Number of protein chains: 2
Amino acid sequence: MKYLFEYNWKVRDEWLNYLIQVPKEELIKKRIGGLGSIQETLFHIVKVEHNWIRDLKNEPISSLTYDAKTYDLDTLKKLSEEFRQEVKGYIDSWDGSKEFKSLHLLVGANEIRCTYGEALMHIIAHEIHHMGQLSIWSRELGLRPISSNLIHKNIMLKH
Amino acid sequence: MKYLFEYNWKVRDEWLNYLIQVPKEELIKKRIGGLGSIQETLFHIVKVEHNWIRDLKNEPISSLTYDAKTYDLDTLKKLSEEFRQEVKGYIDSWDGSKEFKSLHLLVGANEIRCTYGEALMHIIAHEIHHMGQLSIWSRELGLRPISSNLIHKNIMLKH
């Protein structure tokens, strides 16, 4: 589980650094699918991961909301690093004992019931899914996407 | 680990059933990014998962290669089910003891070194990544994508 968080963070950092070459108007341009823009997708990934960890800790989620002007790449990098410290603290202390513990949330009118393990797996799958969307959009921009190949990220062994 | 395979299989089956409504020419149409078409992406997902399991078992990989005429949705569903039986057998017997065991492969001229654990995580991330791409392409077709939300798939608990 921890390795997949590590993988996602590496991929995310690579995207955040890589996209500096892309004009800002392309980053905020409305596109088909996903969150609608590259920048908003990155904000969403960062925020959703943090929200879920706050839910698991039974603490209030952050009240930040996206706007294209505020959340440029530099601000997103800072936010990602800030939130990651907290997320990493939770993940590093995860020992699996709460895997089947029930989580019950009310999000607006929606009731969510899942286990702590499902919440962590959801965070992992959520980011990989959105990164797959970024790979299509970067090809549309004529850019080779960041590799999603986990094997090359050296997350378990230094080869 | 096993739950994430379960998740991927559920999502894959939902896509294979959902796409029946899409005209064949749209499924094989060349698109930007990924494997280039919806049908080839699905073939790739099914084949790559099976290849890796064969590698982990130190057995030869399947020699099937994609062609648009052969691998229509019906054939893909059958192939997915056939390969999954073998993959599931391996995953069901996985107890984590080989997580750090080294795997060394030669794929053409490329040398791959990773652990068994990395190979399994790679299979998981690989499918989620490509499903993210399908979600963009289905929006381009005017179709709501299959939900990638793990929380709603009931993979750990029946709520």
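Check the entry above for the structure.
The shown structure was predicted, so the numbers you read here are calculated from the model rather than taken from an experiment.

> Sorry, what's going on with the overall build of chain A here?
The helix and strand inventory of chain A stands at five helices and two strands. Written out in order from the N terminus, the α and β elements of chain A read α-α-α-α-β-β-α. Its C-alpha atoms give chain A principal-axis dimensions of about 45 × 45 × 25 Å. Residue burial in chain A is summarised as follows: out of 159 residues, 52% are buried. With the model as given, the accessible surface of chain A reaches about 7,500 Å², and the carbon-plus-sulfur share is 50%. Averaged over its 22 positive side-chain charges, chain A has a centre that lies 3 Å from the centre of its 22 negative ones.

> Is there a simple way to think about the relation of the copies chain A and chain B in this case?
Both copies of the chain are related by a screw-like operation: a rotation about an axis and a shift along it. Overlay of chain A on chain B (RMSD 0.0 Å): rotation 180°, translation along the axis 0.0 Å. Taken together, these values place the two copies in the relation of a two-fold axis. When the interface residues of chain A are mapped onto chain B, 100% of them again lie at the interface, so the same face is used by both copies.

> I'm lost on the side chain of Ser138(B) in this one. Help?
Note on placement: Ser138(B) falls in helix H5 (residues 116-140). Residue contacts for Ser138(B): discarding those within four places in its chain leaves Trp15(B), Leu143(B), Arg144(B) and Pro145(B).

> Whenever I open this one, the pairing of strand S2 (residues 110-115) of chain A confuses me. Can you help?
Walk down a regular strand and you will see the side chains alternate between the two sheet faces. Residues and elements named next belong to chain A. For strand S1 (residues 102-107) and S2, the ladder comprises six bridges, and the chain directions are antiparallel. Considered in S2, the bridge of Leu103 is made with Cys114. The antiparallel pairing of S1 with S2 creates a hairpin that spans two residues between the two strands, and Gly108 there sits at a positive phi of about 65°.

> How should the packing of helix H1 (residues 2-18) of chain A against helix H4 (residues 73-92) of chain A be read in this particular structure?
Two numbers describe a pair of packed helices, the interaxial angle and the distance between the axes. Residues and elements named next belong to chain A. Here H1 crosses H4 at 170°, and the two axes come no closer than 11 Å. Relative to H4, the element H1 is oriented roughly antiparallel. Along the contact surface, H1 presents Lys2, Phe5, Trp9, Arg12, Asp13, Leu16 and Asn17, while H4 presents Leu73, Leu76, Lys77, Ser80, Arg84, Val87, Lys88, Ile91 and Asp92. When grouped by side-chain class, the residues that make up the contact of H1 with H4 number seven nonpolar, two polar and seven charged.

> Which parts of the structure should I look at to understand unusual backbone geometry?
Trans peptide bonds make up the majority, and among non-glycine residues the majority have a negative phi. Residues and elements named next belong to chain A. In this model, Asn154 sits at a positive phi of 50°, which is unusual for a non-glycine residue. Of note, Asn154 is situated in the segment after helix H5 (116-140). When its relative accessible area of 28% is taken as the criterion, Asn154 is described as partly exposed.

Scoring rules and cut-offs
- Residues numbered from 1 in each chain as written.
- Chains lettered and ligands numbered in written order.
- Predicted model: local features only at pLDDT ≥ 70, side-chain atom pairs only at ≥ 80, totals over all residues.
- Heavy atoms only, no water.
- Helix = DSSP H or I, 4+ residues; strand = E, 2+ residues; numbered from the N terminus.
- Buried < 20%, exposed > 50% of the residue type's maximum accessible area, 1.4 Å probe, protein only.
- Areas by Shrake-Rupley, 256 points an atom, 1.4 Å probe, with all protein chains shown as cover.
- Lys, Arg positive; Asp, Glu negative; His and termini not counted.
- Charge placed at Lys NZ, Arg CZ, Asp CG, Glu CD.
- Least-squares fit on C-alpha atoms with pLDDT ≥ 70 in both.
- Contact = heavy atoms within 4.5 Å.
- Pairing = 2+ DSSP bridges.
- Axes fitted to C-alpha atoms, helices over the stretch in contact; angles between N-to-C directions.
- Parallel < 35°, antiparallel > 145°, perpendicular 65-115°, else oblique.
- Nonpolar A, V, L, I, M, F, W, Y, C, P; charged D, E, K, R; others polar.

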